[in-house]
Amino acid sequence: MSETITEVRARVPQSEIPVAVPPPVAERKGLTKKEIAADHPTWCPGCGDFSVLALYFKLIEKRKLGHEDFVSVAGIGCSSRFPYFVQAHGVHFIHGRALSFGSGISLSRPDLHVFVFGGDGDAFSIGGNHFTHTARKNVKLTYVVMDNWVYGLTKKQTSPTSPLGFKSKTDQWGAVDYPINPIKQAISAGATFVARTTSTNPNHVLAMMEAAMDHDGFSFIECLSECVEFYEGAFDAANPRKGGMFMEIPKNHDTTDEVNAYQLAGADFPGYFGIFYNVNKPTKNAKEADINKAAMEKVKGLKDWQILQKNFDRLR
Ligand SMILES: Cc1ncc(C[n+]2csc(CCOP(=O)(O)OP(=O)(O)O)c2C)c(N)n1
Ligand code: SF4
Ligand SMILES: [Mg+2]
């Protein structure tokens, strides 16, 4: 009969028992672009969204993020297919509800970088309320809206950012409803970081994403991203390669000046690009963390079932 480990230990002197040496802890390296590029994106060739995806990969690589550091969330739309193309934690959620899902992740896991992606329809039509309320609550996450001024996935309906006169399947004689201004809307809703960029200027997109990611609060980026299928040439006026003009926000703009930010946002298209507004304000994450801490103090030392019992006893 073979000896048990206890018997061996009793017989062999302690110094002769080999000690298992744990393997050296591998140095944690950030993910590479190659590692997180997932499925071949199903976007139309030439779609502006490709550029945003490529720059997101670059951001993850540059900031040395690992799978355990970030999550990508989206609603529904061509742009919202984004998380499928990222080989990392991600969610393709309900139309217009990406911010609610992202808020839940951010509040329960404040250590993560939560990136939410979507389109103009997802963000400002069906998701309009969530946009307002996530902004006013100052939930710590980054929201990148790929604005193409049209519903792409459903093949050309008028969106909240389509300009007057835009002919679509829902406005065959040209859009009659005034478009919203996403930057003004974000500022007035209470967003604490508001920026605008365009997918045809990669360095600028990356710079805006980096700044947004570093912001402690709700950071919003409107990124013009052309739908080559249903709104070709929409942003040529903002693209120097197409004879347009890429105008950065004046260097002397005070990004804490809400009124000035609002005024700059009102410039006629192609308008300004850069950070319009950037202020520090306590986040919902920080406030809730304080509430949770105080609540945990009150039940210190109790088992979960005892806490539950206490609550039910109180309801009697
Ligand atoms: C509840 C619900 N309503 C409507 C739709 C149909 N629908 C899918 S995507 C979309 C609009 C997408 O537009 P946008 O957010 O601008 O994304 P894009 O495709 O332009 O990137 C609509 C209306 C849906 N999927 N679910
Ligand atoms: S339909 Fe438009 S938004 Fe959708 S993938 Fe094609 S070009 Fe992009
Ligand atoms: Mg759209």
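Anything mentioned here points back to the structure above.
In this text the structure is predicted, and so the values were computed from the model without any measurement.

Parameters at a glance
Residues numbered from 1 in each chain as written. Chains lettered and ligands numbered in written order. Predicted model: local features only at pLDDT ≥ 70, side-chain atom pairs only at ≥ 80, totals over all residues. Heavy atoms only, no water. Near = heavy atom within 4 Å. Nonpolar A, V, L, I, M, F, W, Y, C, P; charged D, E, K, R; others polar. Buried < 20%, exposed > 50% of the residue type's maximum accessible area, 1.4 Å probe, protein only. Helix = DSSP H or I, 4+ residues; strand = E, 2+ residues; numbered from the N terminus. Pairing = 2+ DSSP bridges. Right-handed = clockwise from strand over helix to strand, strands pointing away. 1 Å grid on protein atoms, 1.4 Å probe; cavity = no way out; pocket = protein on both sides within 12 Å on 5 of 7 lines; lining within 4 Å. Points joined across faces, edges and corners; volume = space filled by probe spheres on them. Salt bridge = Lys/Arg side-chain N within 4 Å of Asp/Glu carboxyl O. Donors = N, O, S within 2.8 Å, 3.2 Å for Na, K, Ca; no water. Contact = heavy atoms within 4.5 Å. Polar contact = N/O pair within 3.5 Å; in protein donor to acceptor, adjacent residues only side chain to side chain. Areas by Shrake-Rupley, 256 points an atom, 1.4 Å probe, with all protein chains shown as cover.

Student: I would appreciate a short explanation of the site of ligand 2 in the present structure.
Tutor: Lining the immediate environment of ligand 2, one finds W43, C44, C47, C78, N148, G152, C227, V228, E229 and F230. Grouping the constituent residues of the shell around ligand 2 by class yields 7 nonpolar, 2 polar and 1 charged.

Student: How should I be thinking about the pairing of strand β8 (residues 218-224) in this particular structure?
Tutor: Along any regular strand, the residues point their side chains to alternate faces of the sheet. Burial analysis of β8 places 7 of its 7 residues in the buried class, which makes it a mostly covered element. Burial along β8 is two-sided: F218, F220, E222 and L224 facing one way and S219, I221 and C223 facing the other are all buried. Pairing analysis gives 7 bridges linking strand β4 (residues 141-147) to β8, with the strands arranged parallel. Across the sheet, residue T142 finds its bridge partner in β8, namely S219. Judged from the 6 bridges that link them, strand β7 (residues 193-198) and β8 form a sheet pairing that is parallel. Each bridged residue has a counterpart across the sheet, and for A195 the counterpart in β8 is I221. Read as a crossover between parallel neighbours, the route from β7 over helix α8 (residues 202-214) to β8 is right-handed.

Student: What's the story with the layout of surface pockets in this structure? I'm lost.
Tutor: Here the largest pocket is characterised by a volume of approximately 370 Å³. Lining the largest pocket are 22 residues, and of these N181, P182, R196, A267 and F269 lie nearest its centre. Secondary structure elements with two or more residues in the lining of the largest pocket: α7 (182-189), β8, α9 (258-265) and β10 (272-278). When the residues that make up the lining of the largest pocket are grouped by side-chain class, the tally is 14 nonpolar, 4 polar and 4 charged.

Student: How should I be thinking about the pattern of salt bridges in this particular structure?
Tutor: A pair can form between side chains of opposite charge whenever their charged atoms are brought close. Following the criterion strictly, the structure yields 8 salt bridges and no others. With a closest N to O distance of 2.8 Å, R63 and E210 form a salt bridge. With a gap of 147 residues between them, R63 in the loop between α3 (49-62) and β1 (70-74) and E210 in helix α8 connect regions that are remote in the sequence. A residue is classified by how much of its surface remains accessible, and E210, at 14% relative accessible area, is buried. As a salt-bridge pair, D111 and R109 come within 2.8 Å of each other at their nearest N and O atoms. Given a relative accessible area of 38%, R109 falls into the partly exposed group. Among the ionic contacts, a cluster of salt bridges with common partners joins K62, R63, E210 and D214.

Student: What am I meant to see in the coordination of the magnesium ion (ligand 3) here?
Tutor: In an ideal octahedron of six donors the angles at the metal are 90 or 180 degrees, and in an ideal tetrahedron of four donors they are 109.5 degrees. Looking at the metal site, the magnesium ion (ligand 3) is ligated by D120 (OD), N148 (OD1) and V150 (O), spaced 2.1 to 2.2 Å from it. Taken in chain order, the donor set of the magnesium ion (ligand 3) reads D-x27-N-x1-V.

Student: Which parts of the structure should I look at to understand the sheet that holds strand β9 (residues 247-248)?
Tutor: Within a beta sheet, neighbouring strands are joined by backbone hydrogen bonds and run either parallel or antiparallel to one another. Ordered by their spatial adjacency, 8 strands build an open sheet running β2-β1-β3-β4-β8-β7-β10-β9, and the pairing between neighbours is mixed. Lying at the two open borders of the sheet, with one neighbouring strand each, are β2 (90-92) and β9.

Student: I would appreciate a short explanation of the environment of I36 in the present structure.
Tutor: Tracing the sequence through the fold places I36 in helix α2 (residues 33-36). Separated by 31 residues in the primary sequence, I36 and H67 place their C-alpha atoms 9.1 Å from one another. If sequence neighbours within four positions are ignored, I36 has contacts with L31, F57, I60, H67, F85, V86, Q87 and A88.

Student: So what exactly am I meant to see when it comes to the site of ligand 1 here?
Tutor: Surrounding ligand 1, one finds 16 residues, the nearest of these being C78, S79, D120, G121 and D122. Between ligand 1 and D120, the relevant distance is 2.9 Å, taken from an oxygen atom to a side-chain nitrogen or oxygen of the residue. Within the backbone of G152, one N or O atom sits 2.9 Å away from an oxygen atom of ligand 1. The fraction of the free accessible surface of ligand 1 (600 Å²) that becomes covered by protein chains is 73%. Elements with a minimum of two residues in the shell around ligand 1: α5 (120-124) and β5 (150-151). In terms of residue count, the dominant contributor to the shell around ligand 1 is α5 (3 residues).

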